[in-house]
Amino acid sequence: MTHSIDQQRMNSILSNDNTQRYKYLIKEVSSTELVWILTDEHGCVMLNSDDEDCVPIWPNEEFATLWATGDWQDCKPQSISLKKWHAKWTDGLAEDELAIAVFPIPDQDGLIVYPDEFDYELVKYRKKK
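Basis of the calculations
Residues numbered from 1 in each chain as written. Predicted model: local features only at pLDDT ≥ 70, side-chain atom pairs only at ≥ 80, totals over all residues. Heavy atoms only, no water. Helix = DSSP H or I, 4+ residues; strand = E, 2+ residues; numbered from the N terminus. Expected span 1.5 Å × (residues − 1). Buried < 20%, exposed > 50% of the residue type's maximum accessible area, 1.4 Å probe, protein only. Axes fitted to C-alpha atoms, helices over the stretch in contact; angles between N-to-C directions. Left-handed = near helix turned anticlockwise from the far one by under 90°. Contact = heavy atoms within 4.5 Å. Nonpolar A, V, L, I, M, F, W, Y, C, P; charged D, E, K, R; others polar. Pairing = 2+ DSSP bridges. Salt bridge = Lys/Arg side-chain N within 4 Å of Asp/Glu carboxyl O.

Q: Any chance you could break down helix α4 (residues 82-95) for me, citing the residues and the numbers?
A: Over its 14 residues, α4 runs 19 Å from end to end, which matches the ideal 20 Å to within 8%, given 1.5 Å per residue. Regarding α4, the residues found buried are L82, W85, W89, T90 and L93. Immediately beyond the C-terminal end of α4, within one or two residues, lies E97, with a positive phi of roughly 55°.

This is the structure:
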């Protein structure tokens, strides 16, 4: 289930800092049960941030699309069900020694977390609901 976000709400979310965007992502992913990535003909888009190779993720298709400019203009947003994320992506990213770039926006790479940290935050949030 996806739902669109109006421009005013998008601008408000984009003005948040990395921590606030991470909290928003956890809430949205828990609600929609979808994680958004960008893909091209080679697969999932990767970023290098500090000393980490990362897979960037977003809470909604619209935010992933915002990132698809410049070098990534040919990339397309793709959703991954939360069930599939837990079953395949968490362990796969960890095995490949990849981190997650949480909700990067133009000019900001986003918070860098490890796959098990991300899953922990999702589980913790869902238990509170």
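Picking up where we left off.
Q: Let's hear about the packing of helix α2 (residues 18-32) against helix α5 (residues 115-128): which residues, and what values?
A: At a minimum axis separation of 10 Å, α2 and α5 run at an interaxial angle of 65°. The hand of the α2/α5 crossing is right-handed. Contacts between α2 and α5 involve Y22, L25, I26, K27, V29 and S30 from the first element and E117, F118, E121, L122, Y125 and R126 from the second. Residue classes in the contact of α2 with α5 are distributed as seven nonpolar, one polar and four charged.

Q: Before we move on, could you go through the pairing of strand β4 (residues 52-57) and cite the residues and values that matter?
A: Bridging between strand β3 (residues 47-49) and β4 involves three bridges; their strand directions are antiparallel. From the neighbouring strand, S49 faces β4, where its bridge partner is E52. The hairpin turn running from β3 into β4, its antiparallel successor, is two residues long, and D50 in that turn takes a positive phi close to 50°.

Q: Give a description of the environment of V45 that names residues and reports values.
A: On the secondary structure map, V45 appears in the loop between β2 (43-44) and β3. For V45, a relative accessible area of 4% gives the class buried. On a C-alpha basis, the gap between V45 and K76 in space is 9.7 Å, while along the polypeptide they are 31 residues apart. What V45 contacts, discounting residues up to four positions off in sequence, is L38, T39, C54, V55, P56, W72 and C75.

Q: How would you explain unusual backbone geometry if you had to name every residue and give the values?
A: Not every positive phi belongs to a glycine, and E33 is a case in point at roughly 60°. Examined against the element boundaries, E33 turns out to sit in the loop between α2 and β1 (34-40). Unlike most non-glycine residues, D107 shows phi in positive territory, near 80°.

Q: Describe the pattern of salt bridges, and please don't skip the residues or the numbers.
A: Close approach of charged atoms allows side chains with opposite charge to pair. Under the defined criterion, the tally for this structure stands at two salt bridges. The salt bridge partner of E33 is R126, with a shortest N-O separation of 3.2 Å. Within this pair, whereas E33 is found in the loop between α2 and β1, its partner R126 is found in helix α5, the two being separated by 93 residues in sequence.

The values reported here are purely geometric and, on their own, carry no functional implication.
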